[in-house]
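# Close look at the chain arrangement
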Amino acid sequence: MKALSQLRAFVARLRFVPGRRRLLDEVTEELESHVELLAARYVRSGMAPDEARLAARRQIGNTTRVREEIYTINSIEWLGAVAYDVRYAYRLLTKNPGFSVAAIVTLALGISATTSIFSILYSVLLKPLPYKDPERIYSAEIIVPERREQLPSLPASVQAYLAWRDARSDFSEMAALGPWECNLTGDAEPERVGGARVSANFFSFLGVSVSSGRGFNADEEQPGKERIVIISDALWHRRYGADPTLVGRSISINGEGHEVIGIASPTLLVPTGSLLHPQVPFATRVDVWTPIAATRRGLNNENWDHGVLVRLAPDGRLEAGRQQLEAIINEMARVQMPNLKTHATVQLIPIREIYAGKIRLRLLMLFGASALLLLTACASLANLLLARVATRANEFATRLALGAGRARIVSLTVAEATGVALIGGAIGIALATLGVRGLASYGPADVRLMASARLNLPMLTFAIAASIVTALACGLYPAWRASRYQMVTALQEGGRSSFGGAGRSRRVLVGLEMALATALLATAGLLLHSFIKVMQADRGYEIERVLAADISLFGDRYAKAPSRAAFYRELVSNMRALPGVSAAGMISDLPAIASTTRASRTILLPTDAIFQQVVLTRPVAMIRGVTSGYFAASGTALRAGRFLTDEEPGPVAVISESLTRRLWPQESAASSVGKLFRQSNTDSPLITVVGVVGDARPGALDRDPLPVVYRPYEHWAIGPMTLVVRTAQDPAALAPAVRATIRDIDHNLPILAIRTMREIVSSTVAEQQFQMMLTSIFALIALLLGAVGLYGVVSYSVACSTRDIGLRIALGAGRTDVLQWVFARGMQPVLVGLFVGLVGAIAGARALRNLLFEVAPTDPLALGLMSLVLLLTAGLACYLPASRAARVDPAAALRSG
Amino acid sequence: MAKGTQSGTIDVLQGTLDLMVLTTLESMGPLHGYGIARRIEQISEATLRLNEGTVYTSLMRLQQRGWISATWGTSENNRRAKYYAITRSGRRQLTAETKNWERMAGVITRLLRTVQQS
């Protein structure tokens, strides 16, 4: 209450502050009028005019005093002081552009780095997902214990989804989704886009609206009624020029007419790539949705390739719901496959984890790294401010001597730091906006999906808070030092030798900068080494000088298998004829890119009789169709037997080493050649092994490879194929020729991206690359800040001890002695910082061990190299002023002192 | 509101002058500074020697607290003059302060009496 009334009084006073000069003029006027009236009265009572005037003046008293008082009443003292400080800071900053630019740039770098990363962190990890009650949505996965070693978890199947959906459970709603490849033809250039088959309630489940048209109706999940699509806002704009009449029209997808019933909201967020589950691989963009035409079937031969999202009921219990789903799936399996002896478990993954799970740790680590950079910038700024304070010692001493309070001196210095912080912060925010835009368009897929490139409130708040905290943190210590200058000593000694203390703190700050730079450099080094190892790792195929192009044949011309075969044959032989091409072949799925369940099958031995009894003990393998040239083109190594030829009479296969080990653990690779196996079923034809090749690992190397069965593509022709071309020179240079060759055969085929294998593999390790690049950038900036800080400190100490150096030289010290002396003194904080930083980096890397690939946290190569980089840079920063010191002319130095 | 009236203790206005100015404006209606000074002089029957300039400091203080308001008008010598009038919150304050003053005066009177008796 008391505080409130005080506040009210304060606000009331505040009203008078801006007009206080005007009020003063008015009071002056009033006072004059008063004197006149009074004098007139005295004249009326018989006084002489002069006398009357004098008497009136006497009666009114000291008018200057009155005016002063009124001015004071109307001004708020500290507010005036602050205004003064701000003007003072502004003058200082403009008077010393060198210092100001250095300080502002330093701070802007620190603020922009942390703000950019914070913004990404916020949008990926913190911002509520754009769904209705997103915290109640989970993705349901199934774990089959016997399969766990090969497949840690399985997605659901359509049948499992139907059983779950129709049973009573603690979940209020469920939705299913699976990938769908779409070839758009007709209206424009043929084009392949990513699509998804979704349950009719998909959009209402997520709580997102369709921006024009309508959503799916429940009865459109029936086969025959599912020829309708909702397309993305992006596709609508890109391909159909945002034509409002598109809704209601039919478009041709995979050669069949589909009615467009709606356009999705532009902000729709759906899982892409393998975010939902590695076995449910969507395209990198999903642009078309169609209802799942779900029919009830048996579980036998069911494809486990659908994601199921569940929404916990408002009063639902998560664990109870999970157990219900588990009971349903096990009961279903028991009834339909009584011989399958297993107990599956269900796991529920929060939807946030689907989007952020892969990158969370990396983002947190990057945020930590950016915080270290900001800290470096802080130390650097504090260092600059200390230097400023030191050069202004005289001024402060004079102010103190003239009666300024210590608080005023602190306030002056803090005002300067605040000025720097505000300008640096503003520039930092501008840079961060650019940075976030860059990260949001060039970052890894999950970041691109989630990050909003626009300036947002949390980001702004963070940047401003960071700037203010930085200003206070950096400004207070130098301010405190400034307020403690002994006026007498400072004035007497001309502001020279009294900075021993400030020099010490500056050396400590430089040591801190060096420690932070070392920690960042070392971490960057470890990540870089890890990344190099990832890229160089043996994946079982070549990465360099290989081109890959996805080819999808559709339409009447390729309706029949022989016409497709003819196309592939012609394409491969034309490719081989191109100059610079040493081998060419085709494969149904590139091993570098995430596997697809559509192509994974259980491999059975010829003696297996009852499917349900053996299925869980037999390995799962990827089945890939290839043309004869694939192995040579991809650089796959033959271990035994032979490669496939173009004319294979019977069912044959080349299998990967790991499959021989799983099927025939006792046999060598060579003796596996000639053995027989079956695919999928006990009654399917026997397949003869003709060759054994090395394993092909996925690009990211993030999981053990599934074994692979390579079949001649005529025997295993599912879906689109990828052309693989091995080149003699730079593969990218050959891309136009490859494109032209495809056009020559059929100019109607959609032109798809032709990428080098290195690009493809890089994209699978985009998260690692993202983390490594940003950490390296942060480390370089920190190194630069540290080096500049060191240079400044050493130069300053040389300038301060010119006399001392002159004296030494005069007394017979050699130039090299001086050089060594200055250099050694300068390098001291560097060595301490290096040691501290290395210890910190190793400790930090231990916590992040999971992010390193085949690199120990103590990796001597990375740490050694980075230490060397730091020492060389710091050495240069010390050497320059040291060599200047060595050139000091003793006579001049002594005289000038 | 002055803090004194809230806690129940006696806290006289910034100065006695402030109280005199408020009372004058309450009884006489809007006045300019000169008029206020004359009125105080008249009431005090010249027993109070006042530096009349301080009336203006007092007026400023009262304005800040919102107890009086000022409007421009014309004075007797045809000059522009500021006329001050008591506001509603000024009246409330005056009542409270008058009570305070009377209590205070009572206490002091009693106190002086005891001093005389002893």
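Residues numbered from 1 in each chain as written. Chains lettered and ligands numbered in written order. Predicted model: local features only at pLDDT ≥ 70, side-chain atom pairs only at ≥ 80, totals over all residues. Heavy atoms only, no water.

Moving on, we get to the overall build of chain A. From N to C terminus, chain A includes 30 helices and 21 strands. For chain A, whose C-alpha radius of gyration is 38 Å, the value lies well above the compact-globule estimate of 29 Å for 897 residues. For chain A, the spread of C-alpha atoms along the three principal axes comes to 135 × 85 × 55 Å. Per-residue burial over chain A gives 54% buried out of 897 residues. The contacts of chain A with a sequence gap of at least 6 include a subset with a gap of at least 24, amounting to 81%. Element-wise, carbon and sulfur atoms account for 59% of the exposed surface of chain A, whose accessible area totals about 39500 Å². Across chain A, the 93 positively charged side chains and the 73 negatively charged ones have centroids separated by 8 Å. (Helix = DSSP H or I, 4+ residues; strand = E, 2+ residues; numbered from the N terminus. Rg over C-alpha atoms; globule rule 2.2 N^0.38 Å. Buried < 20%, exposed > 50% of the residue type's maximum accessible area, 1.4 Å probe, protein only. Contact = heavy atoms within 4.5 Å. Areas by Shrake-Rupley, 256 points an atom, 1.4 Å probe, with all protein chains shown as cover. Lys, Arg positive; Asp, Glu negative; His and termini not counted. Charge placed at Lys NZ, Arg CZ, Asp CG, Glu CD.)

With 26 residues of chain A at the contact, the number on the chain B side is 26 residues. The largest per-residue losses of area from chain A upon contact with chain B belong to Glu30, His34 and Leu37 of chain A, which jointly make up 24% of the total buried on that side. At the junction of chain A and chain B, the tally comes to three salt bridges. Salt-bridge contacts for Lys82 of chain B lead to Glu26 of chain A; the nearest nitrogen and oxygen are separated by 2.5 Å. Taken together, chain A and chain B are joined by 10 residue pairs in polar contact (both at pLDDT 80 or more). Among the secondary structure elements, those contributing two or more residues to the side of chain A that touches chain B are helix H1 (2-14), helix H2 (20-44), helix H3 (49-60) and helix H4 (63-74) of chain A. If you tally residues by element for the side of chain A that touches chain B, the top one is H2 of chain A, at 12 residues. For the side of chain A that touches chain B, the per-class residue count stands at 11 nonpolar, five polar and 10 charged. (Buried area = accessible area lost by both parts, 1.4 Å probe. Salt bridge = Lys/Arg side-chain N within 4 Å of Asp/Glu carboxyl O. Polar contact = N/O pair within 3.5 Å; in protein donor to acceptor, adjacent residues only side chain to side chain. Nonpolar A, V, L, I, M, F, W, Y, C, P; charged D, E, K, R; others polar.)

Mean pLDDT over chain B stands at 79; residues scoring 70 or higher make up 81%. Within chain B, helix H1 (residues 3-7) of chain B has the poorest average pLDDT of any element, 39, and strand E2 (residues 80-86) of chain B the best, 89. (pLDDT = per-residue confidence, 0-100.)

This part covers the pattern of salt bridges. Evaluated as defined, the whole model comprises 34 salt bridges over all chains. One salt bridge in this structure joins Arg91 of chain B and Glu26 of chain B, with 3.0 Å as the shortest N-O distance. Residue Arg91 of chain B is located in helix H5 (residues 88-117), and its partner Glu26 of chain B is located in helix H2 (residues 16-28); the two are separated by 65 residues in the primary sequence. What makes Glu26 of chain B partly exposed here is its relative accessible area of 38%. Connected through salt bridges with shared partners, the residues Arg41 of chain A together with Arg38, Glu41 and Glu52 of chain B form a single ionic network.

Let us look at the pairing of strand E13 (residues 600-604) of chain A. Residue and element names in this part refer to chain A. With four of five residues buried, E13 lies mostly within the body of the structure. Here two bridges tie E13 to strand E17 (residues 676-679), and the two strands are oriented antiparallel to one another. In the sheet register, Leu604 faces E17, and the bridge partner there is Arg678. (Pairing = 2+ DSSP bridges.)

Residues Leu422, Ile423, Ile427, Leu431 and Leu434 of chain A make up a contiguous nonpolar surface patch of about 440 Å² in total accessible area. By relative accessible area, Ile423 of chain A is classed as partly exposed at 38%. (Patch = residues over 30% accessible without salt bridge, like charges linked within 9 Å, V, L, I, M, F, W, Y side chains within 5 Å.)

What follows covers the packing of helix H12 (residues 360-391) of chain A against helix H16 (residues 457-483) of chain A. All names here are of chain A. Direction vectors running N to C along H12 and H16 enclose 35°, while the axes themselves pass 9 Å from each other. Considering the relative orientation of H12 and H16, their crossing is right-handed. From H12, Phe367, Leu374, Cys378, Leu381, Ala382, Leu385, Leu386 and Val389 reach across to H16, where they touch Phe462, Ala466, Thr470, Cys474, Gly475, Tyr477, Pro478, Arg481 and Ala482. Partitioning the contact of H12 with H16 into residue classes produces 14 nonpolar, two polar and one charged. (Axes fitted to C-alpha atoms, helices over the stretch in contact; angles between N-to-C directions. Left-handed = near helix turned anticlockwise from the far one by under 90°.)

Quick look at the confidence of the model for chain A now. On average, residues of chain A carry a pLDDT of 86, and 94% of them reach 70 or more. Confidence drops under a pLDDT of 50 for residues 494-501 of chain A, and excluding neighbours within four residues, the segment shows 10 contacts in the predicted structure.

Moving on, we get to the environment of Arg88 of chain B. Residues and elements named next belong to chain B. Looking at the secondary structure, you find Arg88 in helix H5. Arg88 sits in the exposed class, given a relative accessible area of 68%. Sequence spacing of Arg88 and Gly66 is 22 residues, and the spatial spacing of their C-alpha atoms is 9.2 Å.

With that settled, consider the environment of Ala113 of chain A. Residues and elements named next belong to chain A. Position of Ala113 relative to the elements: it lies in helix H6 (residues 97-126). Classification of Ala113 as buried rests on a relative accessible area of 7%. With 604 residues separating them along the chain, Ala113 and Ala717 place their C-alpha atoms 50 Å apart. When residues no more than four places from it in sequence are discounted, the contact partners of Ala113 are Ser370, Leu373 and Phe778.

All names here are of chain A. For Asp133, which is not a glycine, the phi torsion comes out positive at approximately 40°. Tracing the backbone through its elements, the reader meets Asp133 in the loop between H6 and strand E1 (137-143). Here Ser680, not a glycine, exhibits a phi torsion of approximately 70°, which is positive. With respect to the helices and strands, Ser680 occurs in the loop between E17 and strand E18 (687-693).

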